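Close look at the chain arrangement
Letter by letter, the chains look like this.
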Amino acid sequence: MNRIIATIVAIASISFTCAQAAGDPAKAQGIVKQVCAACHGVDGNSPLPANPSLAGQHSGYLLKQLTEFKSGTRANPVMTGMVANLSVEEMRDLAVYYSSQNPKQMGAKDKDLVEQGRKLFRGGNPSSGIAACAGCHSPNGAGIPAQYPRLANQHPDYIIAQLKSFRAGERVNDPNQMMRSTAIKLTDKEIAALAEYISGLH
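My aim in this report is to walk through the structure given alongside it, one point at a time.

Cut-offs applied
Residues numbered from 1 in each chain as written. Predicted model: local features only at pLDDT ≥ 70, side-chain atom pairs only at ≥ 80, totals over all residues. Heavy atoms only, no water. Patch = residues over 30% accessible without salt bridge, like charges linked within 9 Å, V, L, I, M, F, W, Y side chains within 5 Å. Areas by Shrake-Rupley, 256 points an atom, 1.4 Å probe, with all protein chains shown as cover. Salt bridge = Lys/Arg side-chain N within 4 Å of Asp/Glu carboxyl O. Helix = DSSP H or I, 4+ residues; strand = E, 2+ residues; numbered from the N terminus. Buried < 20%, exposed > 50% of the residue type's maximum accessible area, 1.4 Å probe, protein only. Disulfide = S-S within 2.5 Å. Expected span 1.5 Å × (residues − 1). Bend = angle between axes of the 7 residues up to and from the residue. Contact = heavy atoms within 4.5 Å. Polar contact = N/O pair within 3.5 Å; in protein donor to acceptor, adjacent residues only side chain to side chain. Axes fitted to C-alpha atoms, helices over the stretch in contact; angles between N-to-C directions. Parallel < 35°, antiparallel > 145°, perpendicular 65-115°, else oblique. Left-handed = near helix turned anticlockwise from the far one by under 90°. Nonpolar A, V, L, I, M, F, W, Y, C, P; charged D, E, K, R; others polar.

**Here we look at a nonpolar patch on the surface**
Nonpolar side chains collect at one region of the surface, where Val35, Val78 and Met82 lie side by side and expose about 230 Å² of accessible area between them. Tracing the chain through its elements places Met82 in helix 4 (residues 77–83). Since its relative accessible area comes to 37%, Met82 is described here as partly exposed.

Okay, structure coming up:
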């Protein structure tokens, strides 16, 4: 019985940590400038389409990703190297710092793709068993802390890469394989449409 109680307490503690990601954003500024800014921008708005913008992302989600890069649960040689020497406290500080930054709005470019993406994001595709993305990531792409990330204003290139990575089974850090079981049903055209629509959400 004591073991069961201890396990429940431990799980609750981990969940709370992920949800809150309490940290000091001021302490993160040095690490941001030295380690993160080149790829993700000082303000979290990535200047490179292949790299994710982190501004406004949920701190609990950011902490989860950093922790999983460090442990190898989320495989990425570049990020694994970047977080290798970061402490848990430093990762919390970074998560809170980037979550407090203001995301820049992006404008979608292809109106036809945007409309296709809107239908898929909001209504899914019943014929292929694809659930609406809005159910987990919210209609405006704000996400739900800490498990479901903010997607609004994300670079289309990054979204495409991640959906294809989930589809191929290369990215495996999604709880209960939720993203893998969804992405495997998406066509390349549907992925492109979703990416275009999501990039314009705000």
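**Concerning the pattern of salt bridges**
Between side chains of opposite charge, pairing is possible as soon as their charged atoms come close. Per the counting criterion, the structure on display carries 6 salt bridges. The closest approach of N and O atoms between Arg167 and Asp188, which form a salt bridge, is 2.7 Å. Here the residue Arg167 occupies a position in helix 8 (residues 156–167), and Asp188 occupies one in helix 10 (residues 188–199), the gap between them amounting to 21 residues. Take Arg167: its relative accessible area is 26%, and that puts it in the partly exposed class.

**Digging into the state of the cysteines**
Taken as a whole and assessed by the stated rule, the structure comprises 0 disulfides. Residue Cys133 stays outside any disulfide, its sulfur separated by 8.8 Å from that of Cys136, the closest cysteine. For Cys133, a relative accessible area of 17% corresponds to the buried category.

**Examining the environment of Glu170**
You can see Glu170 is positioned in the loop between helix 8 and helix 9 (178–183). Considering only alpha carbons, one finds Glu170 and Arg180, 10 residues apart in sequence, at a separation of 9.3 Å.

**Side note on the environment of Arg92**
Tracing the backbone shows Arg92 in helix 5 (residues 88–99). In this structure, the C-alpha to C-alpha distance between Arg92 and Gly23, residues 69 residues apart in sequence, is 4.9 Å.

**A word on helix 2 (residues 25–40)**
A rise of 1.5 Å per residue sets the reference length of helix 2, with its 16 residues, at 22 Å; its end C-alpha atoms lie only 16 Å apart and thus fall more than 12% short of the reference. The sharpest bend along helix 2 comes to roughly 65°, located at Val32. Looking at the buried residues of helix 2, the elements they touch are helix 4 and helix 5. Sitting at the amino-terminal end of helix 2 is Asp24, which places a side-chain oxygen 3.0 Å from the backbone nitrogen of Ala26.

**Focus on the packing of helix 8 against helix 10**
Where helix 8 meets helix 10, the closest approach of the two axes is 8 Å, and the angle between their N-to-C directions is 140°. Taken together, the axis directions place helix 8 and helix 10 in an arrangement best described as oblique. Considering how the two elements wind past one another, helix 8 and helix 10 form a crossing that is right-handed. Only Asp188, Ile191, Ala192, Leu194, Ala195, Glu196, Ile198 and Ser199 of helix 10 make contact with helix 8, whose side of the interface consists of Pro156, Ile159, Ile160, Leu163, Lys164 and Arg167. Split by residue class, the contact of helix 8 with helix 10 holds 9 nonpolar, 1 polar and 4 charged.

The quantities given are spatial measurements derived from coordinates; they are silent on function.
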